[in-house]
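Tertiary structure, described
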Amino acid sequence: MNDISGQVARAAAALRRAKRVLVLTGAGVSKESGIPTYRDALTGLWSNYSFEQLASPEGFRQDPAMVWDWYAERRQQLRAVQPNAGHIALARLGQLLPAVQVVTQNVDDLHERAGSTGVLHLHGSITQTQCFFHCRGNPTLVEESQYADGPPVSPPPCPYCGRWLRPAVVWFGEMLPHGVYEQAHQAAVDCDVCLVAGTSGMVFPAAQLPLTAKMTRAFVININPEDEEDPLSDVHLRGPFGQLMPALLDALERHP
Ligand code: BV8
């Protein structure tokens, strides 16, 4: 059995025994759908900016039109792509095993469009829009129909207070949505297997979750093509999510 299939078999055996599974995903799982990862993303118009500059309240205040347009372009990109085989296999895993909690750092909706349910979005969603000033409570969510026919300005005015709208994502320096991290943390404490996929683990508190799972004796599986040392993982499947997640599911289904 070559190494990768041996590793897939070990990971499948751990999943088979698991009562509770936590899955933490990052931008790498959407790459094969055509969505660039954050490390690749800043190309074109935005290549002169750092991600942290753009994805922050300060960056928005400094140039609201530019930040709004960056998100509008990403939203357009998302509408043009589909979930990949990895998203679909992960959704199938959620049907196959008793308790799979998907927690994502991604602001796209590809897990949901692939069929995953109950997904926890640590950093919000690019598909939603809110008032920058929370004029009707935090968050003041606004439907696209409420501003799409308004003046073609970036950012559009909030239909309630007339001030800036912004994407309903969590920016650097902002708190995560109330209760979401607490649920994700509890899932990390409770899980027997923590499957980490497509993340560089650079952003906190999201990156704390696999560490918490490890400290509470979970078996950690990492799906990521990067070669770096990976002392945290019990199995590191080095390759693309779109290939290895279906391989993992296939191994599980062949020997339930
Ligand atoms: C917080 C939404 C409490 C927006 C994102 C100073 C002041 C305040 C806070 C901090 C501070 N210093 C540090 C912090 C904490 C800060 C932080 O972690 N900073 C980092 C830069 C060190 N965190 C925060 O601010 C968080 N809030 O701490 O609140 C607080 C509040 C105030 C004051 C103090 C504390 C909020 C952070 C949320 C930021 N928003 N997204 C948007 O998307 O536009 S973060 C964004 O970047 C993503 O959501 C994700 O989290 C991160 C990118 O990481 P990845 O998803 O892993 O993507 P990346 O490109 O890095 O890596 C891709 C991986 O995929 C690679 O490993 C690659 O090898 C792999 N890959 C490639 N191809 C494939 C693949 N894998 C599988 N298959 C493939 N085919």
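Now for a look at the structure at hand. The residue numbering used here restarts from 1 in each chain and proceeds along that chain's sequence as written. Totals for whole chains, interfaces and linings use all residues, but because this is a predicted model, local features are given only for residues with pLDDT of at least 70 and pairs of side-chain atoms are given and counted only at 80 or more. Heavy atoms from the whole structure form the basis of all side-chain values; hydrogens and water molecules are not counted.

1. Comments concerning the nonpolar core
Operational definition: In this text, buried Ala, Val, Leu, Ile, Met, Phe, Trp, Tyr and Cys residues form a nonpolar core when linked through side-chain atoms within 4.5 Å. Think of it in three bands: with a 1.4 Å probe and only protein chains considered, a residue is buried below 20% of the maximum accessible area for its type, exposed above 50%, and partly exposed in between. Runs of H or I in DSSP of at least four residues are treated as helices and runs of E of at least two as strands, each being numbered from the N terminus. Contacts are assigned to residue pairs that have any heavy atoms within 4.5 Å of one another.
Within the largest apolar cluster, 31 residues are counted, with the highest numbers of intra-cluster contacts made by Leu-15, Leu-93, Ile-223, Leu-237, Met-245 and Leu-248. Secondary structure elements with two or more residues in this core: helix H1 (3-17), strand E1 (21-25), helix H7 (85-96), strand E2 (100-104), strand E7 (193-197), strand E8 (219-223), strand E9 (235-237) and helix H11 (241-254). Considering each element in turn, this core owes the most residues, seven residues, to H11. What Met-245 contacts, discounting residues up to four positions off in sequence, is Gly-86, Ala-89, Leu-90, Leu-93, Leu-195 and Ile-223.

2. A short note on the sheet that holds strand E6 (residues 165-169)
To keep things clear, this is the line we draw: When DSSP finds two or more bridges between a pair of strands, those strands are recorded as paired. Orientation is described by lines fitted to C-alpha atoms, with helices fitted over the stretch in contact, and by angles between N-to-C directions that extend from 0 to 180 degrees.
Spatially, the three strands line up as an open sheet ordered E5-E4-E6, and their pairing is antiparallel. Edge positions in the open sheet fall to strand E5 (141-142) and E6, since each of these has one partner strand only. As judged from the two bridges shared by strand E4 (residues 124-131) and E5, these two strands associate in the antiparallel manner. Bridged to Thr-129 within E5 is Val-142. Across the sheet, helix H6 (residues 64-79) is in contact with E4 and E6; its angle to E4 comes to roughly 140°.

3. Considering H11
Cut-off, in case you're wondering: The span you would expect from a helix comes to 1.5 Å times its residue count less one.
Its 14 residues place the ends of H11 19 Å apart at the C-alpha level, agreeing with the 20 Å of an ideal helix rising 1.5 Å per residue. Contact partners of the buried residues in H11: H1, helix H2 (28-31), H7, E7, E8 and E9.

4. With respect to the site of the ligand
Put simply, the test is: In this text, near means that some heavy atom of the residue lies within 4 Å of the molecule or strand in question. In protein, a polar contact means a hydrogen-donor-capable atom and an acceptor-capable atom, both N or O and within 3.5 Å, with residues adjacent in sequence counting only if both atoms are side-chain atoms; elsewhere, any N or O pair within 3.5 Å suffices. Every accessible area reported is derived by Shrake-Rupley at a probe size of 1.4 Å, with residue values counting cover from the shown protein chains alone. Any residue that is not Ala, Val, Leu, Ile, Met, Phe, Trp, Tyr, Cys, Pro, Asp, Glu, Lys or Arg is counted as polar, Gly included; the first ten are nonpolar and the last four charged.
If you check the shell around the ligand, you find 34 residues, and the closest are Tyr-38, Tyr-71, Gly-173, Thr-199 and Ser-200. The side chain of Tyr-38 places a nitrogen or oxygen atom 2.6 Å from an oxygen atom of the ligand. The separation between an oxygen atom of the ligand and a polar side-chain atom of Arg-74 is 2.7 Å. Within the complex, 76% of the 1,500 Å² of free accessible area of the ligand lies under protein. Sorting the residues of the shell around the ligand by element identifies H2, helix H3 (38-41), helix H4 (51-54) and H6 as the ones contributing at least two each. Across the shell around the ligand, the residue classes break down as 17 nonpolar, 10 polar and seven charged.

5. Description of the pattern of salt bridges
So the rule is basically this: When a carboxyl oxygen of Asp or Glu lies within 4 Å of a side-chain nitrogen of Lys or Arg, that pair is called a salt bridge.
Applying the stated criterion to the full structure yields seven salt bridges. Asp-234 serves as the salt-bridge partner of Lys-214, at 3.0 Å between the closest nitrogen and oxygen. Of this pair, Lys-214 sits in helix H10 (residues 208-215) while Asp-234 sits in the loop between E8 and E9, and the two are 20 residues apart along the sequence. Residue classification places Lys-214 among the partly exposed positions, given a relative accessible area of 28%. Given a relative accessible area of 30%, Asp-234 falls into the partly exposed group. The salt bridge involving Asp-250 is made with Arg-254; its shortest N-O contact spans 3.2 Å. In this pair, Asp-250 and Arg-254 are both assigned in helix H11, four residues apart and thus about one turn of the helix distant.

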